[in-house]
Amino acid sequence: MDQTDSYPALLYVYDLSKGMARQLSPVMLGKQLDGIWHTAIVVHGKEYFYGGEGISNCPPGGTPLGEPDSIVDLGSTEVTAELFMDYLASLSESTYGRDKYNVFEHNCNVFSNEVAQFLTGKKIPSYITDLPSEVLSTPFGQALRPLLDSVVISPGGNNITGQR
């Protein structure tokens, strides 16, 4: 009988605003936002995320963002490290190249959600994935969109393809 190994899968959640969204969003947007979320998947001893440099990794908590504001336990996966790296390489060639990043529609949270589903079958929390539509549903968000569309977030780390 084969024994299948199981590996923990975590979602690291960072507030890029460092608390400012909570304070300023009611005045600026007319609604409360608890943060501007960056997420990463931690599995097989590394933190994996998507940004302006493509898919990258680092030791858990090893980006300039420091330690995460919260950690969501996604459960466990039977996906091996080798299979996972093959999957990420495929994603970086097809869907998550450095030229495909968009702060509203194709960002770290979209990546984390897709990878979480691949690893565990679970989605990341909707308060994270719904944030862009929450911002864009306001007049101020619509006014800022042209500026924000040009923003590229690159939290550091090592690009998995070795490119910079």
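Given the structure is predicted, the values throughout are model-derived calculations rather than measurements.

Enquirer: Please clarify how the environment of Val43 should be interpreted in this entry.
Expert: Within the secondary structure, Val43 is located in strand β2 (residues 37-43). C-alpha separation for the pair Val43 and Pro8, spaced 35 residues apart in sequence, amounts to 6.3 Å.

Enquirer: Sorry, what's going on with the pattern of salt bridges here?
Expert: Pairing is possible between side chains of opposite charge, provided their charged atoms come close. Following the criterion strictly, the structure yields four salt bridges and no others. A salt bridge links Lys31 to Glu134; the shortest N-O distance between them is 3.3 Å. Residue Lys31 is located in the loop between α1 (20-29) and β2, and its partner Glu134 is located in helix α5 (residues 131-136); the two are separated by 103 residues in the primary sequence. A residue is classified by how much of its surface remains accessible, and Lys31, at 26% relative accessible area, is partly exposed. Take Glu134: its relative accessible area is 33%, and that puts it in the partly exposed class. One salt bridge in this structure joins Arg145 and Glu105, with 2.5 Å as the shortest N-O distance. Of the two residues, Arg145 sits in helix α6 (residues 139-148) while Glu105 sits in the loop between α2 (81-94) and α3 (108-120), which places them 40 residues apart along the sequence.

Enquirer: Even after reading the chapter, I still don't get the layout of surface pockets, so can you show me in this structure?
Expert: By volume, the largest pocket amounts to about 510 Å³. As for the largest pocket, its lining consists of 26 residues, of which Leu33, Ile36, Leu131, Val135 and Leu148 are closest to the centre. For the lining of the largest pocket, the secondary-structure elements that each account for two or more residues are α1, α3, α5 and α6. When residues in the lining of the largest pocket are grouped by element, the largest group, six residues, is from α1.

Enquirer: Honestly, the packing of aromatic side chains in this entry has me stumped. Any pointers?
Expert: We describe a pair of aromatic rings using the distance from one ring centre to the other and the angle between the two ring planes. This structure, assessed with the given rule, holds nine aromatic pairs. Considering the side-chain rings of Trp37 and Tyr127, the 5.6 Å spacing of their centres and the 85° angle between planes classify their relative orientation as edge-to-face. Here Trp37, found in strand β2, pairs with Tyr127, found in helix α4 (residues 126-129); they are 90 residues apart in sequence, far enough to count as distant. On the accessibility criterion, Trp37 (13% relative accessible area) is buried. Centroid distance Tyr50 to Tyr96: 4.9 Å. Interplanar angle 80°. Geometry classified as edge-to-face. Of this pair, Tyr50 sits in strand β3 (residues 46-51) while Tyr96 sits in the loop between α2 and α3, placing them 46 residues apart in sequence. Residue Tyr50 shares its accessibility class with Tyr96, and that shared class is buried.

Criteria and thresholds
Residues numbered from 1 in each chain as written. Predicted model: local features only at pLDDT ≥ 70, side-chain atom pairs only at ≥ 80, totals over all residues. Heavy atoms only, no water. Helix = DSSP H or I, 4+ residues; strand = E, 2+ residues; numbered from the N terminus. Salt bridge = Lys/Arg side-chain N within 4 Å of Asp/Glu carboxyl O. Buried < 20%, exposed > 50% of the residue type's maximum accessible area, 1.4 Å probe, protein only. 1 Å grid on protein atoms, 1.4 Å probe; cavity = no way out; pocket = protein on both sides within 12 Å on 5 of 7 lines; lining within 4 Å. Points joined across faces, edges and corners; volume = space filled by probe spheres on them. Phe/Tyr/Trp six-rings, centres within 6.5 Å; stacked < 30°, edge-to-face > 60°.

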